[in-house]
Amino acid sequence: MAQAIELARRGWGTTAPNPLVGAVIVERGKVVAEGWHQHDGGPHAERMALAALGKKTARGATLYVTLEPCSTAGRTGACCAAIIAAKLKRVVIGTLDPNPEHAGRAIAVLESAGIAVEVGVGAAACEDLNLIFNHWITHRVPLMAAKTANTLDGQIATRNGDSKWITNEASRSDVHRWRRLFPAIAVGAMTVLEDNPKLTARWPEGEEWCPVRFVFDGLLRTVVDRNMPKLYTDEFRERTIVVTTPHGGLGYVRKLEAVGIQVWVIPSDSQRVPFRSFKQRCAEAGISGVYVEGGAQLIGNLMRERELDYLFNYRAPVLFADQRARSGFTGLRTERLKDAVRLAKVHHANFGDDQLLRGHVVYPEKVQVDEATYGR
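Conventions adopted
- All chains use their own residue numbering, which begins from 1 and follows the written sequence.
- Two thresholds apply to this predicted model, a pLDDT of at least 70 for residue-level local features and 80 or more for giving and counting side-chain atom pairs, whereas whole-chain, interface and lining totals are computed over all residues.
- Working from all heavy atoms in the structure, the side-chain values ignore hydrogens and water.
- Helix and strand definitions here come from DSSP, where helices need a minimum of 4 consecutive H or I residues and strands a minimum of 2 consecutive E residues; each element is numbered from the N-terminal end.
- In this description the radius of gyration comes from C-alpha coordinates, and the expected globular size is given by 2.2 Å times residues to the power 0.38.
- For every residue, the accessible area obtained with a 1.4 Å probe (protein chains only) is divided by the maximum for its type, and the residue is called buried under 20%, exposed over 50%, and partly exposed between those limits.
- The contact criterion used throughout is that any non-hydrogen atoms of two residues lie within 4.5 Å.
- Here, Shrake-Rupley sampling with a 1.4 Å probe gives the accessible areas, and only protein chains in the shown set may cover a residue.
- His residues and chain termini do not enter the charge count, which takes Lys and Arg as positive and Asp and Glu as negative.
- Here the site of a charge means atom NZ of a Lys, CZ of an Arg, CG of an Asp or CD of a Glu.
- Strands pair, by our definition, only if DSSP identifies at least two bridges between them.
- Each axis is a line fitted through C-alpha atoms, and for a helix only the stretch in contact is used; angles between axes span 0 to 180 degrees, taken between their N-to-C directions.
- Here a salt bridge means any side-chain nitrogen of Lys or Arg lying within 4 Å of a carboxyl oxygen belonging to Asp or Glu.

(A) Summary view of the overall build of the protein chain. A tally of helices and strands in the protein chain yields twelve helices and 18 strands. Rg of the C-alpha trace for the protein chain: 23 Å, near the compact-globule value of 21 Å for 376 residues, within the 12% margin. A principal-axis box enclosing the C-alpha atoms of the protein chain has dimensions of 65 × 45 × 40 Å. Looking at the protein chain as a whole, 49% of its 376 residues are labelled buried. When contacts within the protein chain are restricted to residue pairs at least 6 apart in sequence, those whose partners lie at least 24 apart make up 72%. Accessible surface, the protein chain as shown: approximately 18100 Å² in total, 49% of it carbon and sulfur. Positive and negative side-chain charges in the protein chain, numbering 48 and 41 respectively, have mean positions lying 2 Å apart.

(B) Fine view of the environment of A340. Checked against the element boundaries, A340 lands in the loop between β16 (326-327) and β17 (342-351). With 258 residues separating them along the chain, A340 and A82 place their C-alpha atoms 49 Å apart. With near-sequence residues (within four places) excluded, A340 lies in contact with T334 and P364.

(C) Layout of the sheet that holds strand β3 (residues 62-67). Taken in spatial order, the five strands of this open sheet run β2-β1-β3-β4-β5, and their pairing is mixed. The two strands at the open ends of the sheet, each matched to only one other strand, are β2 (30-36) and β5 (116-119). Direction aside, the axes of adjacent strands within the sheet are offset by 15° on average. Here β3 runs beside strand β4 (residues 90-95); their pairing, made up of five bridges, is parallel.

(D) Molecular detail of unusual backbone geometry. That bond from A16 to P17 is cis: its omega, 5°, falls within 30 degrees of zero. One can find P17 in the loop between α1 (2-8) and β1 (22-27). Positive phi is not limited to glycine here, since R28 has a value of about 55°. Phi is positive for N196, which is not a glycine, with a value near 45°.

(E) Fine view of the pattern of salt bridges. In the structure shown here, the tally under the stated rule is 18 salt bridges. Notably, a salt bridge pairs E27 with K55, separated by 3.3 Å at the nearest N-O pair. One end of the pair, E27, is in strand β1; the other, K55, is in the loop between α2 (45-53) and β3, and 28 residues separate them in sequence. A salt bridge links E194 to R326, with the shortest nitrogen-to-oxygen separation between them at 3.5 Å.

Encoded structure:
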């Protein structure tokens, strides 16, 4: 199963909105074939492994697969049918299909054909492969994940705004790896004005790749300057979408559209973009996950509205110990420990001296909002 998981990762960033899946066929104690889902619309991992086997049947062999085989015919045919035709003896599954309409159906189909089935081997690691897909298929809206890089005392910049670089090169390289997985990335207007980022995935294993790039700008402040940001002028500008409100001004909307930038005007009573409406718009566009890289106000607003689903927190062994330094998290009013926001299903990783802590965001029964900072 560990080998199947590594195979699944070879499809990193190329399978959306489909899941990452790996498969290994073992015969007489030896691996005889392997496969993985390589891209959306392509053959599933099980069929890739069976094709690599080089023969029509494999009596007595075992298939290890990270995700429950599909039991219904889609674009590539039901994998259960191919497994039965190959006369495999046993199938070991990492996790069940998260789609409630399909979960567990393959077990009954395979067992009725005389194939032994085991479920749950390496389940946690197999589930973690598909953070985005699992959320998308069960909720039908994108996974909203945020990334922060901060000091031990939770700061993202000094009082003067100096922040490059708090974390080390290895941590920043890992950020690019996650950028490659998510179909979309998002920042707020102040991040664009202060940092002028490019927001592409740049990592040694592949060429520069550009996800959909969202800029949250309720008042279209990023359009006022004559010097347009990189996101609006570079070779990937058709991948940029500015998300605004009716308060931004039609003149600025036309200015953006004139240079090839898409604009989503989300109805709102204030300058803040309502995230629930934004997520529905993403769902209509088939965008299954959004990787939010700041700033603190954007992430804070997501938490206030209980719309942040997942958090990546990179932490460097650095201390500012300055009350006027810039905090990575603001806007809540947590008066009791039991009312704190927490993470669940937490994963840890080390990048040199830096640490990454990531997990699903779990909200208290009621989020207390600091009205003085909400939407500033």
